[in-house]
Each structure stands twice: as structure tokens, then as C-alpha cells.
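Now for the letters of each chain:
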Amino acid sequence: MNNKILESIQVSKFFHDPVDIQVLKDINFSLEKGEFVSVIGKSGCGKSTLLYILSTMDTDYTGNVLIDGIAMRGKKEADLAKIRNQKIGFVFQFHYLLNEFSVLKNVMLPGLKWGNYSEKEVEHRAYEKLKILGIENEAFKKPNQLSGGQKQRVAIARALINDPLIIMGDEPTGNLDKKNSEIVFEIFKELAEEFNQTLLIVTHDNEFAERTHRIIEMQDGMIIKDQKIKK
Amino acid sequence: MNFKLIIDVSVSLLLARWKQTLVAAIGVTFSITMFIALLGFMSGLNDLLDGLVVNRTPHVRLYNEIEPTKDQPISLSRKYSKDYNFISSVKPKNERLEIYNNGAIMNALKKDDRVLGFAPKITAQVFYNVGAIDLTGVINGVDVEAENKLFFFKDYVTTGNYIDLKNIPNSIILGKGAAQKMMANLGDVIQVTTTKGERMQLKVVGYFESGLQDIDKVQSYASIGTAQKLLGESNSYITDIQIKLKDILMAPSVAKEYAHLFDLEAVDIQTANSQFETGSSVRTLISYAVGITLLIVAGFGIYNILNMMIYEKMDSIAILKATGFSGADVNRIFITIALTIGVFGGLLGLIFGFGLSALIDQIPFNTAALPTIKTYPINYNPKFYMIGSIFSIVTTYLAGYFPSRKASKIDPVIIIRGK
Ligand SMILES: Nc1ncnc2c1ncn2[C@@H]1O[C@H](COP(=O)(O)OP(=O)(O)OP(=O)(O)O)[C@@H](O)[C@H]1O
Ligand SMILES: [Mg+2]
């Protein structure tokens, strides 16, 4: 087949409360392995909504989503959870780290859930990911002892633990200052260019978007522009 | 499934809220403690009261009742068989209370392997002569050894030695109440008169306390031989055969069978003492009701803490789901939390319950009615501990069920969007 990692086919989404509105209109696009793509658009245009659908967390839509060539429509909740666990890594605006666990354990959790590697191996891998992100010295702290930028890097390490097909981010730099945003961007770029990691990142930061490989621009629930950036 | 991970996450959530968890667990501990102590105490008391009756009462008693013949001659006559016959003022004929041919009956009982043992007995109506007045009384002529073996005679002889009754001729063990009335001391000789006017001198060798004062005022014990002599009867004369069975529950059917077989009256313990059964079962019911109520209250405590925990941990649940934990996993996590509270709380409850029971068991409890009892009675039946642990697990599971389901249904999109 081809190496399409993610494919969105005629995806539409309606909200019925308080009034019927269509927030996504026939979204069609696909991502190939190693692409570093940003999604931009005005606030309220449906970027987050699209991302939740593509990430299988939202199943209330029409059309279809293929991940690694497999249709997500009609899959059971437990199967979707498995796909999220093994094939998708998430980074949100908020870090969502569990304060009950150490930084290292937070990164390990999705790996332990998969159970593909022994606990020792998962721990080793988690440590390696923290190293890539330059925060291996914080491994045994609790998340609430870290700075905002560090927390976000832990969240990225957690997204990476199962070597996902794709990393999705919803404004991962939205809460960060210029310097930390820059660090996070460099990490994404390194992942894309050195590790051939596929990334789909929603952002408000046009400067950020300009430096990715491809920009998808949305307006009122539709893709109005989809362009590759020439280097 | 990845059981270790589920436990790991559960325990971390638990420890993060350890104070509330502790309170919830203490609730369970408290209720199980009370449940165990209450049931142990109540059924100890039940056993004690039942023992008063069961220890002293034959499972089946065979005796002869003096009553009018059931079949009057006229109803046997064929000539009048189609008529209604009214006979008024029927009287019993002159019969004796003796059980005839009792040697053969006792041989048959010896061979019956449902029978644990039996003790023959004579009841004799007498008057105790005290100076110028006579007190009515009953002397039970008993086979001292059989009586002791089957009905713990020794326990109720509070002063004197029970076996003297057999060894010393013409001896009597007086009911405590009767002795007090007669001011008879150990070693004194008292005089009794039978209903037929015979007089006899008997030596007091002990006092007897049954725990029921009305009985102690009237009843006394003598050996069978003494009683036969007193009544002027031959040495085969007995009026009752008291039978203990291996299985008390068989008493009604065995009684019916013997009544038919030996052509005697036979009464079983259940019929004779039905009111005790009722009392016991009501007390047991109340104990269970109180214990279970306590547990349900503890269950609400767990329900609350879990709901609170879920509310606080919305974010954590959302990210667990986003990173690949299924609804079932989240459900398991919270059920594990509930069960952990239940198991630890319950286990402690069992231990404390045992401790409290042991404590109650040490409290002195002296009553004139119960000479053999020195402390409050406790029943350490493992059944209560079983029921307690099963209930603690079931209630905590139920208390965890709805919050856990709620947690498993949390939609991560809603939580994440809310930030
Ligand atoms: N639960 C909901 N019920 C009704 N309408 C909703 C709901 N969630 C979102 N919407 C609407 O859907 C539209 C798209 O929302 P979405 O969050 O995807 O926007 P966005 O592009 O991510 O915006 P932003 O850049 O501000 O994050 C908005 O108009 C919003 O009002
Ligand atoms: Mg958004």
C-alpha cells in the first residue's frame, strides 16, 4: 500500500446543543510518514474538534478516519483505547501529568499499559525519552516540582514512550513563554527530521507554523488552504 | 489484563487521599468490629439460655399419662357404629404412672444408634415436713451417673458432692430454695411424706441450683433406689425415660415413632420448649440487622469518598483514557480502590471484633441464677467472621460499583476541552 499514516475521509461533525451547528464540513486530507504538519485557523474554527476525532477520542462524527490504513469507524471503545495507547501520542495545552507519580512513572504509564516491554525495559525506555528531551535529571521528581516548560517536555516524553505512529498536539506551546516554546518546537523538529516522526500540531503561533513542513489552514469547519513549505 | 498496573494506579490514588481513605476504612472496621462483637455476645447469650433448657431437658421424654381411654366401649360396638354417641363425665380408670416392661424398652433404646444415651427417672410427689407445716415438693429419683453424663447434673449441684447421692443410702440433694425454707444444712436429716402417707428420713448431701427459682423451691433429687423405697415400689419401677439423641433435630420424628412403638406418651424438646427457639431467633435477627445497618452506613462512607476522588481526579482519568486506558480499566481501578478499603477495613474489623469479644469474655458476670457462669458468655463461631468478611466485601463492592461506573464513562474530550 502507501505510507499514509492518517487519513481523514469526508469527516463532518455536528453539535446539537444549544442549536444544531456544523463545526466540521467534509474534511479530507492525509498525512504521510515523517511529515511535520501544523493546523492553523481562527479561534472556534474547529481545529480542536478535528483533532479529537482524528485521535479516536470523539466517535460522534460522520465520515471515516483511517489510522495506518485501518478504519476507525465501528470499532469498540476498548479497541480504540488500544489504538490510542499504541499508535498515537498526545500533547495538550495543559500537561495532564499525575502528581501522584514521579516524572519517570508518568512517562512509563502508557508503556506499562501496553505491556509490550517488561517493566524494566519500559523504565529504561522512559529514561531514554527523558534524555532526548533533556530532562533526565528531573526523572525522580514529582510533576508539581517542575516548571511549566519542563512539565510540557515530560508530556512529550510520555507521548513518545510507545514509539507512536503519530504525535498529535493541541496548542502544545500555548501555555509556554517564548523561550520554552522555542525549546518545544526544536524538539518536534528534531523528532521529525532525525527520528522521522509524524507530527500533527494545532497552533495559534503563525511563526511556529511557518517553520513546519506543511500548513493546513481552516476556516469555519473547512480546510481552506493546505500547502507544503519549501525550504 | 495488566493487573499490577491497575493496583499500582489504585494504590497511588488511595495514598494521595489517605486521610479520607482512612476514615472510610475506619467506618468499615468499626461496623465489622461491632458486628462480630454483637453477634458473638448475642449468640453466646443465646447458647447460655438455650443451654439452661437444652442441657437440662431430654430430647425425647417417655412417660405414662393418666387419661381417659380414647375408645369408649360403645364406639367399638358395631351395633351403634352409625350413631352419634355422647358420653359425658368420662373418668380415667385406676392406672399407675409406671412404665411397664421398661427393661425391654431400655434394651431397645440401647440398640437404637440414633440414641446418644438415656436416663430412667422417677418423679414422686412429696411433702417436706418442716416442724408443724408441710411444703409440697417433688423428688426426682435419678440414675446419678446417667443423669450427670447426659444432663450435667454435677454443674447444678452447687454445694456438696453429687456422687454422694449414689454412695450414701437414703440421701437427698435439696433444691436451694427448698433447703432455705427448711433451714436444712448439709448433713441434716429431713423428713418427707409421700402422697400415700409413707414417711421417710433422708440425709441432705447437697444443694441443687437449676437457675430457675420456682424449680429450686420445689424439686429435690434422690437416687432411683431411694425413690423406689420411698414410694414402696419394686426395683423395676420407673415413671420416665429421658432420652438424648445424637441429632436434636430428629427429636420430633423419633418421639412420634417411640410413642407408637412403646405405646407411651413421648414429647420432644422442640414441642416442649418452642418459646426458647423463638427468643433465640429474634435475638439473632436483631444482631444481624444492627450489624448490617452499620455496614451499609460504612458503605455510604466509601461511596462518598470514591465520588469525591473521582471528582478530584477527573483530569487524571481523562489523561489515562487519552493515553490508552479503556473504560473497563478505569472501572477496575476504582473498584480496586473500593475493595482495598473494604478488605483492609474488614480485616482490621475482624481482628478488633475478636479482641472486643475476648474483652467482653473477661467481664465478670455473676448471677445466682447461673451458678456455672463467671463471665459474660461469648460465642466465637467462625461463621460470624465469615459472614462479616463476606459482607464487608460485598458492601464495599456495591459502594464502589456506581462511582466506578461513573468514572469509566467519563469522556476525556469534555475534560480536556474544559481546560
Ligand atoms: N460541546 C460543544 N457543544 C456545542 N458547541 C461546541 C462544543 N464544543 C465546541 N463547540 C463549538 O465548536 C466550534 C469549534 O470548536 P473548537 O474547540 O474545535 O475550536 P478551535 O478551533 O479549537 O478554537 P481555539 O483555537 O479557540 O481552540 C466552536 O464554535 C465551538 O463553539
Ligand atoms: Mg482549540
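Residues numbered from 1 in each chain as written. Chains lettered and ligands numbered in written order. Predicted model: local features only at pLDDT ≥ 70, side-chain atom pairs only at ≥ 80, totals over all residues. Heavy atoms only, no water.

Visitor: When you look at the overall build of chain B in this model, what are you seeing that I'm missing?
Guide: What chain B contains, in helices and strands, is 17 helices and ten strands. The globule rule puts the C-alpha radius of gyration for 419 residues at 22 Å, and the 33 Å found for chain B is more than 25% above it. Each principal axis of the C-alpha atoms in chain B carries an extent, and together these give about 105 × 65 × 40 Å. Within chain B, the fraction of its 419 residues that count as buried is 47%. Within chain B, residue pairs in contact and separated by at least 24 positions form 76% of the contacts whose partners lie at least 6 positions apart. In the form shown here, chain B has an accessible surface area of approximately 21,600 Å², with 61% of it arising from carbon and sulfur atoms. (Helix = DSSP H or I, 4+ residues; strand = E, 2+ residues; numbered from the N terminus. Rg over C-alpha atoms; globule rule 2.2 N^0.38 Å. Buried < 20%, exposed > 50% of the residue type's maximum accessible area, 1.4 Å probe, protein only. Contact = heavy atoms within 4.5 Å. Areas by Shrake-Rupley, 256 points an atom, 1.4 Å probe, with all protein chains shown as cover.)

Visitor: Is there a simple way to explain the interface of chain B and chain A in this structure?
Guide: Accessible area lost on assembly of the parts is the figure often given for the size of an interface. Between chain B and chain A, the residue contacts involve 29 residues of the former and 25 residues of the latter. Roughly 2,300 Å² of surface becomes buried between chain B and chain A when both sides are summed, with 62% attributable to carbon and sulfur atoms. Of all residues in chain B, the largest losses of buried area upon contact with chain A belong to Ile319(B), Ile416(B) and Arg417(B), amounting jointly to 22% of the total for that side. Connecting chain B to chain A are four salt bridges. Residue Asp8(B) is joined to Lys105(A) by a salt bridge in which the shortest nitrogen-to-oxygen separation is 2.3 Å. Counting every contact that joins chain B to chain A gives eight residue pairs in polar contact (both at pLDDT 80 or more). Residue contributions to the side of chain B that touches chain A peak at seven residues, all from helix H1 (residues 3-16) of chain B. (Buried area = accessible area lost by both parts, 1.4 Å probe. Salt bridge = Lys/Arg side-chain N within 4 Å of Asp/Glu carboxyl O. Polar contact = N/O pair within 3.5 Å; in protein donor to acceptor, adjacent residues only side chain to side chain.)

Visitor: Where do I start with the side chain of Arg214(A) in this structure?
Guide: Among the structural elements, Arg214(A) can be located in strand S9 (residues 214-219). Among all residues touching Arg214(A), those that are not within four sequence positions of it are Phe29(A), Ser30(A), Leu31(A), Glu35(A), Phe36(A), Val37(A), Ser38(A), Asp226(A), Gln227(A), Lys228(A) and Ile229(A).

Visitor: Help me understand the site of ligand 1 in this model?
Guide: Taken together, 13 residues surround ligand 1, and among them Ser43(A), Lys47(A), Ser48(A), Thr49(A) and Arg417(B) come closest. Positioned at a junction of chains, ligand 1 has nearby residues supplied by chains A and B. A distance of 2.5 Å separates an oxygen atom of ligand 1 from a polar side-chain atom of Ser43(A). With respect to ligand 1, the side chain of Lys47(A) contributes an N or O atom lying 2.7 Å from an oxygen atom. (Near = heavy atom within 4 Å.)

Visitor: Could you clarify how one ought to interpret the pattern of salt bridges in this entry?
Guide: Side chains that differ in sign of charge can pair as their charged atoms come close. All names here are of chain A. What the rule picks out here adds up to 26 salt bridges over all chains. Here Lys 228 ties to Glu 35 by a salt bridge, and the two come within 3.8 Å at their closest N and O atoms. Here Lys 228 is found in strand S10 (residues 222-228), whereas its partner Glu 35 is found in the loop between strand S2 (21-32) and strand S3 (36-41), with 193 residues between them in sequence. On the basis of relative accessible area, Lys 228 is assigned to the exposed category, the value being 55%. Through salt bridges with shared partners, one network takes in Glu 35, Arg 214, Asp 226 and Lys 228.

Visitor: What is the right way to look at helix H5 (residues 144-151) of chain B in this model?
Guide: Residue and element names in this part refer to chain B. The element H5 is largely enclosed, with a buried count of six among its eight residues. Among the residues of H5, those classed as buried are Val 144, Ala 146, Glu 147, Asn 148, Leu 150 and Phe 151. Considering only its buried residues, H5 is in contact with strand S2 (115-130), strand S3 (133-142), helix H6 (153-156), helix H7 (164-167), strand S8 (219-223) and strand S9 (240-245). Trailing H5 by a residue or two, Phe 152 shows a phi angle of about 50°, which is positive.

Visitor: Can you help me understand the side chain of Ser12(B) in this one?
Guide: Inspection of the secondary structure assignment puts Ser12(B) in helix H1. Residue contacts for Ser12(B): discarding those within four places in its chain leaves Glu100(A) and Phe101(A).

Visitor: Explain the nonpolar core here, please?
Guide: Note that soluble globular proteins tend to have their nonpolar side chains buried in a common cluster. Counting 111 residues, the largest nonpolar core has Leu6(A), Leu200(A) and Phe334(B) as its most contacted members. In this structure Leu6(A) touches Phe29(A), Ser30(A), Leu31(A), Leu54(A), Val65(A), Leu66(A), Ile67(A), Ile166(A), Met168(A) and Leu200(A), once residues within four positions along its chain are discounted. Membership of the second largest hydrophobic core comes to 25 residues, among which are Val115(B), Leu245(B), Ala251(B) and Ala255(B). (Core = buried A, V, L, I, M, F, W, Y, C linked by side-chain atoms within 4.5 Å.)

Visitor: It is not clear to me how the domain arrangement of chain B should be interpreted in this structure. Could you clarify?
Guide: For chain B, the assigned domains read domain 1 (3-54 + 276-418) and domain 2 (60-71 + 93-271). For domain 1 of chain B versus domain 2 of chain B, the distance between C-alpha centres works out to 52 Å. (Domains from an automatic or database assignment.)

Visitor: What is the right way to read the sheet that holds S9(A) from this model?
Guide: What holds strands together in a sheet is hydrogen bonding between their backbones, with the strands either parallel or antiparallel. All names here are of chain A. Reading across the sheet, the six strands line up as S6-S7-S8-S3-S9-S10 and stay open at both edges, with mixed pairing between neighbours. In this open sheet, the two edge strands, each paired with only one partner strand, are strand S6 (88-91) and S10. On average, adjacent strands in this sheet sit at an angle of 15° to one another, irrespective of strand direction. Two elements, S3 and strand S8 (residues 198-202), share four bridges in a ladder whose sense is parallel. Directly across from Phe 36, in S8, lies its bridge partner Leu 199. (Pairing = 2+ DSSP bridges. Axes fitted to C-alpha atoms, helices over the stretch in contact; angles between N-to-C directions.)

Visitor: Please clarify how the packing of helix H3 (residues 103-114) of chain A against helix H4 (residues 119-132) of chain A should be interpreted in this entry.
Guide: Two measures define how a pair of helices packs: the angle their axes make with one another and the distance between the axes. All names here are of chain A. Viewed as axis vectors pointing N to C, H3 and H4 meet at an angle of 125°, and their least axial separation amounts to 9 Å. When the axes of H3 and H4 are compared, the pair comes out oblique. Of the two possible hands of crossing, H3 and H4 adopt the one that is right-handed. For the pair formed by H3 and H4, the contact residues are Val 103, Leu 104, Val 107, Met 108, Gly 111 and Leu 112 on the first element and Glu 119, Val 122, Glu 123, Ala 126, Tyr 127 and Leu 130 on the second. A class-by-class count of the residues in the contact of H3 with H4 yields nine nonpolar, one polar and two charged. (Parallel < 35°, antiparallel > 145°, perpendicular 65-115°, else oblique. Left-handed = near helix turned anticlockwise from the far one by under 90°. Nonpolar A, V, L, I, M, F, W, Y, C, P; charged D, E, K, R; others polar.)

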